[in-house]
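Structure at a glance
Take a look at the letters that make up each chain.
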Amino acid sequence: MQELRCTVCGSNKIGKGKLEGYAALIPMGKIFTTGSAVIVDVCTECGTIIRMKVEKPEKFKIQ
Ligand SMILES: [Zn+2]
């Protein structure tokens with residue numbers, strides 16, 4: 001696992017959060033889908049969001 005480091009304060013104390021429910025990311029152009037939760041890496045020192053990524057990237061593949 002790669003080490004994440006905050007680009008603002010330099011801290012490596014990175015916590016993880018999750019956006020779910022209405023904040024889930026829905027693939028564009030697909031009607032019947034539930035979308036994917038978004039995983040967020042947050043610097044626990046200054047609150048900067050380091051990275052956001054979807055939990056299920058395969059849902060966004062273009063067919
Ligand atoms: Zn920071």
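Residues numbered from 1 in each chain as written. Predicted model: local features only at pLDDT ≥ 70, side-chain atom pairs only at ≥ 80, totals over all residues. Heavy atoms only, no water.

In this model, the protein chain carries an average pLDDT of 90, and 97% of its residues clear a pLDDT of 70 or more. Strand E2 (residues 38-43) holds the highest mean pLDDT among the elements of the protein chain, 96, whereas strand E3 (residues 49-54) holds the lowest, 94. (pLDDT = per-residue confidence, 0-100. Helix = DSSP H or I, 4+ residues; strand = E, 2+ residues; numbered from the N terminus.)

If you walk across this open sheet you meet the 3 strands as E1-E2-E3, and the pairing is antiparallel. The open sheet terminates on both sides in strands that have one partner only, identified here as strand E1 (14-19) and E3. Neighbour to neighbour, the strand axes of the sheet diverge by 20° on average, direction disregarded. Both E2 and E3 contribute to a ladder of 5 bridges, which runs antiparallel. Following the sheet pairing, Val 38 is matched in E3 by Val 54. (Pairing = 2+ DSSP bridges. Axes fitted to C-alpha atoms, helices over the stretch in contact; angles between N-to-C directions.)

This part is about the pattern of salt bridges. Tallying each qualifying case throughout the model produces 6 salt bridges. The partner of Asp 41 in a salt bridge is Lys 16, with the nearest N and O atoms 2.7 Å apart. Placement of the pair is Asp 41 in strand E2 and Lys 16 in strand E1, with a sequence separation of 25 residues. Here Lys 16 falls in the exposed class, since its relative accessible area comes to 53%. One salt bridge connects Lys 56 with Glu 55, and the closest N-O pair in it is separated by 3.9 Å. Using a relative accessible area of 36% as the deciding quantity, one classes Lys 56 as partly exposed. Classification of Glu 55 as partly exposed rests on a relative accessible area of 36%. Among the charged side chains, a network of salt bridges with common partners joins Lys 18, Glu 20, Glu 55 and Lys 56. (Salt bridge = Lys/Arg side-chain N within 4 Å of Asp/Glu carboxyl O. Buried < 20%, exposed > 50% of the residue type's maximum accessible area, 1.4 Å probe, protein only.)

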